[in-house]
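For reference, the chains in residue letters:
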Amino acid sequence: MRRREFLQVLAAATASGLALHDRRVLANADGDAFYAIPPFGNCSLLHYTDSHAQLLPVWFREPDVNLGVGEGQGQPPHLVGEKFLHYFGIAPGSREAHALSCVDFVNAARIYGRVGGYAELATLVKRVRANRPGALLLDGGDTWQGSATALWTKGADMVDAQLALGVDVMTGHWEFTYGMARVQELVNGPLKGRIEFVAQNIATAEFGDPVFPPYVLRSVNGVAVAVIGQAFPYTPVANPRHFVADWTFGLQEAHLQQTVNAARAAGAVVVVLLSHNGMDVDLKLAGRITGLDVILGGHTHDGVPRPITVKNRAGKTLVTNAGSNAKFLGVLDFEVRDGKVRDAKYRLLPVFANLLTPDPMMKKVIEGHRRPYTKALQEVLAVTDGLLYRRGNFNGSFDQVILDALRAVKGAEIALSPGFRWGTSLLPGEAITMERLLDQTAITYPATTVNEFTGARIKAILEDVCDNLFNPDPYYQQGGDMVRVGGLSYACEPMAAMGKRISDLRLEGKPLDAARKYKVAGWASVAEHVEGPPVWEVVAQYLRAHKTLPPPVLNLPILRGVDDNPGLGRSCG
């Protein structure tokens, strides 16, 4: 805020009876100071990731359950709530505490306001770049998917926003759910010559030729910087294979090492991996690949304020992760002298909408894409009496709404919903609009289904997804969070062996019969030629019938063997 605006805030606060030390005043009082990041070194990188097409400021609650297993237990990013704040030395009740944790979320949200927004992010990027000449802006992917307008424009709104933001390099994941042809149409059209799409781990299935450049070499104040792309390696597993039928993915460790070596041979002094692996995978990768100065990571939506230093046989690599929903901007400054990185400083800046004046040019881009859909976006379906959110290893409250709707509308005994990490939050008393519903459901394969599964098959599904989440080897963690379950109670022991994590499955209090068939509703099948009404139509029908939605009763599993795990929070609101 400028001085005049600050004085206006103080005057308004005094008139409304607020004390001048009230946090609602202080929350809006010192934006310039908060974002005053002194320049350092001579080579800077800016990084954001997993914005999931959220062009406007949103509420976003961080997880209260993010369990680590194996070497990840008790280590970042698997810390939540007060334990997260204590580990990183963040003061409870502060702005940073609200941005990075779920502690007292509803109250803190009302004090500190919404986060993200591309117009606000654009202002911050320009501010940071002003004293960091030549700084590169890197986008970690999951940018073109996650909102109504992105779905309806097939990512065009987000591409225009990226161009207005000044993105230099990006990689991808959910981008590929628009199909190979659409991705190539955008990469070879509006992005061409302006934003480099890099992915060292995508090749043609027939001949193994690279689909995208493996890396790009740029000069930042005379320092040669190589940015290597690492797209989500398990795209054909987590999403429909037929969308990328002609391409292969994978971690491609050996090829990555070759790419790092090639970049060094081409003169790169700083080598960066722009990754969409997920943080656990990146931490393991950093210990096995040599020659990387930093991994700027995404996919798992972890906001980690301090890089993790990982040693390998030839040196060390910094590993970061920059959250989601355009909620953070990572700023990494290198001091490079005599052809070597001598020092580095990193800041993860929360994007607080009430501290940043929206950038006029970006605001115009956003309004232009939203204008044709205003009526559809603003349709009020119901009002929520409770906090709605999605983020965490198990059911969030918006997940529960989707499950309840599937069971009610489809007449199913059990409902299953994917463990997607993307989706915004709603505070108690807010309207559930069609836009907010599509924040949770906007995908290109939204068909709802009803199938008959045996009890044995249901258990096998839960075991399979649970192993994707809790396998102690990060390289075998191939999906999102745990499948969300409605109508069926169960127990989960994350630290148990594969195939033995799920037990005590019950329907209406009775043990699930392994041989009996049950009616199961779901959506987002990765199979080809699946038909059924899109999930947003099913949930909208359910919400319209309710008008006012009481706080959902979460169908959470009984957790075993994790009572002392710091990834289990008990202080979130």
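Structural data are supplied above this passage.
Calculation notes
Residues numbered from 1 in each chain as written. Predicted model: local features only at pLDDT ≥ 70, side-chain atom pairs only at ≥ 80, totals over all residues. Heavy atoms only, no water. Helix = DSSP H or I, 4+ residues; strand = E, 2+ residues; numbered from the N terminus. Buried < 20%, exposed > 50% of the residue type's maximum accessible area, 1.4 Å probe, protein only. Phe/Tyr/Trp six-rings, centres within 6.5 Å; stacked < 30°, edge-to-face > 60°. Lys NZ or Arg CZ within 6 Å of the ring centre and 35° of its normal. Contact = heavy atoms within 4.5 Å. Pairing = 2+ DSSP bridges. 1 Å grid on protein atoms, 1.4 Å probe; cavity = no way out; pocket = protein on both sides within 12 Å on 5 of 7 lines; lining within 4 Å. Points joined across faces, edges and corners; volume = space filled by probe spheres on them. Nonpolar A, V, L, I, M, F, W, Y, C, P; charged D, E, K, R; others polar.

### Side note on the environment of Gly189
Then comes step 1: Inspection of the secondary structure puts Gly189 in the loop between α10 (180-187) and β4 (196-197).
Then comes step 2: Judged by relative accessible area, Gly189 falls into the partly exposed class, the value being 35%.
Then comes step 3: For the pair Gly189 and Val281, spaced 92 residues apart in sequence, the C-alpha to C-alpha distance is 32 Å.

### Remarks on the packing of aromatic side chains
Then comes step 1: Evaluated as defined, the whole model comprises 22 aromatic pairs.
Then comes step 2: Pairing Tyr87 with Phe88 gives two aromatic rings, centres 4.9 Å apart and planes at 70°, and the pair type is edge-to-face.
Then comes step 3: Classification of Phe88 as buried rests on a relative accessible area of 9%.
Then comes step 4: Consider the rings of Trp174 and Phe420, whose centres lie 5.3 Å apart with planes at 80°: the pair is edge-to-face. Here Trp174, found in the loop between β3 (169-170) and α10, pairs with Phe420, found in the loop between β16 (414-417) and β17 (431-433); they are 246 residues apart in sequence, far enough to count as distant.
Then comes step 5: Counting every residue linked through ring pairs, the aromatic cluster contains Trp144, Phe176, Phe197, Phe212, Trp247 and Phe249.
Then comes step 6: Its guanidinium or amino end placed over the ring of Tyr475, Lys284 lies 3.9 Å from that ring's centre, counting from NZ or CZ.

### Section: the environment of Gly141
Then comes step 1: Within the secondary structure layout, Gly141 lies in the loop between β2 (136-139) and α8 (148-152).
Then comes step 2: In this structure, Gly141 is in contact with Thr49, Asp50, Ser51, Thr171, Gly172, Glu175 and His276, ignoring residues within four places of it in sequence.

### What about the pairing of strand β15 (residues 380-384)?
Then comes step 1: By the bridge criterion, three bridges tie β15 to β17 in an arrangement that is antiparallel. Looking at β17, one finds that Val380 is bridged to Thr433.
Then comes step 2: Pairing of β15 with strand β24 (residues 548-549), which is carried by two bridges, proceeds in the parallel orientation. What sits directly across from Val383, in β24, is Thr548.

### Some thoughts on the layout of surface pockets
Then comes step 1: Computed from the structure, the largest pocket encloses a volume of approximately 1000 Å³.
Then comes step 2: If you go around the largest pocket, you meet 39 residues; those closest to its centre are Pro418, Val465, Val483, Ala524 and Val526.
Then comes step 3: Of all the elements in the fold, those that place two or more residues in the lining of the largest pocket are α11 (235-238), β16, β18 (448-454), α18 (455-470) and β23 (517-523).
Then comes step 4: Per-element tally for the lining of the largest pocket: the top contributor is α18, with six residues.
Then comes step 5: Here the lining of the largest pocket is composed, by residue class, of 19 nonpolar, 15 polar and five charged.

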